[in-house]
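# Inside the fold
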Amino acid sequence: MSDNERQEIPAQTEQPAEQPAGPQTGETAAPQAADETQGGTTMETPAVSEAAIPELVIISGMSGAGRSTAAKCLEDLGWFVVDNLPPALIPTMVELGARSQGNVARIAVVVDVRGRRFFDNLRESLADLEAKNVTRRIVFLESSDEALVRRFESVRRPHPLQGDGRIVDGIDAERELLRELRGDADLVIDTSSLNVHELRAKMDAQFAGEEEPELRATVMSFGFKYGLPVDADLVVDMRFLPNPHWVPELRPFTGLNEEVSAYVFNQPGAKEFLDRYTELLQLIAAGYRREGKRYVTIAVGCTGGKHRSVATSEKLAARLASQGVETVVVHRDMGRE
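Residues numbered from 1 in each chain as written. Predicted model: local features only at pLDDT ≥ 70, side-chain atom pairs only at ≥ 80, totals over all residues. Heavy atoms only, no water.

### Here's the deal with the overall build of the protein chain
Note the following rule: A helix here means a DSSP run of H or I that spans at least four residues, while a strand means a run of E at least two residues long, and both kinds are numbered starting from the N terminus. Here the term buried applies to any residue with accessible area under 20% of the maximum for its type, exposed to any over 50%, and partly exposed to those in between, with areas from a 1.4 Å probe on protein chains only. The contact criterion used throughout is that any non-hydrogen atoms of two residues lie within 4.5 Å. Each accessible area is a Shrake-Rupley result for a 1.4 Å probe, and residues are judged covered by the shown protein chains and nothing else.
From N to C terminus, the protein chain includes 12 helices and nine strands. Put simply, the protein chain has 337 residues, and 40% of those count as buried. For the protein chain, contacts bridging at least 24 residues in sequence account for 78% of all contacts bridging at least 6. Carbon and sulfur atoms make up 50% of the accessible area of the protein chain, which totals about 18,700 Å².

So, in structure tokens, the structure goes:
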């Protein structure tokens, strides 16, 4: 297909040269050459350097085999992930990524092939990408019939292709539809006996490279009297320290104020707690990475979420950032009083 295109394009661009605009051929030659260049650019791929073309991974496979988990893993590794993109739009997605000036360098597309027409569109898109020299990998997630039936029954959902039949009928139909794509896959992962963490570990091994997966932390101060944050992974209680609220000259300020922070960390045990808890977080972070957890929310609380928790959150976030952890600080209840 690529050879035919190379043969057809020169034939189309030479035709204008056989139809001179007038007797002054010397004057018309230059404009014709410019038109030929523009025509060739229009017919071929956009003028984008090969270095700007994003890396592409297509995730497909059996429904219930873990496509969403695999996609989430790539998203945590910094990939731009598009779920359930129609196959015909994959080349357009790659073109948009190439125009992003390097901002979208890696794209993962989850393809849910549920019909013959969608599958045909996918084959056409793959051929188009190959003609444009786009490097792409296909990850196919496989699982046994028994495991798939068990998973669909556990969530009490029908298989998308079973129609009025049984779950196994839908699985058989999908397996037959995807047989050719499975044969073209660059990586096949059988998830029959894998849990979520084990699948993430396999994806990390393939796509994380030699770099250790990144851990991102949100350090959130809060007031216990307003309730615990529902998304907290770890909770720290700073109410073992004296409350600056009862110091009249400090009451109007918050933990962002230098005087308040100095007051908090001059209390017995405050600095030692910060040191010990930072060491503990290093141990926990290593375990999170092994288990495939990429995000952690550390909730630091005091009575009102204004003084002790705010000062401690700022110090703790600075410690984490100095250790290479991407950290965001949020003061949930500061200013509510």
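Let us keep going from here.
### Quick look at the nonpolar core
Rules: The set of buried Ala, Val, Leu, Ile, Met, Phe, Trp, Tyr and Cys residues whose side-chain atoms join them within 4.5 Å is what this entry labels a nonpolar core.
Core analysis: the largest hydrophobic core is formed by 47 residues, its most contacted members being Leu74, Ile90, Met203 and Phe207. In this structure, Met203 is in contact with Ala70, Cys73, Leu74, Val139, Ile189 and Ala208, ignoring residues within four places of it in sequence. Counting 26 residues, the second-largest nonpolar core is a separate cluster that includes Ala217, Ala270, Leu281 and Ala285.

### Quick look at unusual backbone geometry
A positive phi angle, near 55°, is found at Asn84, a position not held by glycine. Here Asn84 is to be found in the loop between strand E2 (80–83) and helix H4 (90–98). By relative accessible area, which is 46% here, Asn84 ends up partly exposed. Phi at Asn133 takes a positive value of approximately 60°, unusual for a residue other than glycine. For Asn133, the location among the structural elements is in the loop between helix H5 (116–131) and strand E4 (136–142).

### Let's talk about the sheet that holds strand E6 (residues 216–223)
Note the following rule: One requirement defines pairing of two strands: DSSP has to find at least two bridges between them. With axes taken as lines fitted to C-alpha atoms, and helix axes fitted only over the stretch in contact, angles between N-to-C directions fall between 0 and 180 degrees.
Strand order in this open sheet of four strands is E7-E8-E6-E9, and the pairing throughout is parallel. The two strands at the open ends of the sheet, each matched to only one other strand, are strand E7 (234–237) and strand E9 (326–331). Neighbour-to-neighbour, the strand axes of the sheet open up by a mean angle of 20°, direction not taken into account. Note: E6 against strand E8 (residues 295–302), eight bridges, orientation parallel. By the bridge assignment, Gly223 is partnered in E8 with Cys302. Lying over the sheet, helix H12 (residues 308–322) contacts E6, E8 and E9, oriented at roughly 170° with respect to E6.

### Looking at the pattern of salt bridges
Put simply, the test is: A pair is scored as a salt bridge if a Lys or Arg side-chain nitrogen falls within 4 Å of a carboxyl oxygen belonging to Asp or Glu.
This model, assessed by the stated rule, comprises 21 salt bridges. Between Arg67 and Asp112 there is a salt bridge, with the nearest N and O atoms lying 3.6 Å from each other. One end of the pair, Arg67, is in helix H3 (residues 67–76); the other, Asp112, is in the loop between strand E3 (106–110) and H5, with 45 residues separating them in the sequence. A salt bridge links Lys72 to Glu75, with the shortest nitrogen-to-oxygen separation between them at 3.4 Å. Here Glu75 and Lys72 lie together in helix H3, a separation of three residues that amounts to about one turn. Glu75 sits in the partly exposed class, given a relative accessible area of 37%. What emerges from the salt-bridge pattern is a single network uniting Glu142, Asp145, Arg175 and Arg182.

The values reported here are purely geometric and, on their own, carry no functional implication.
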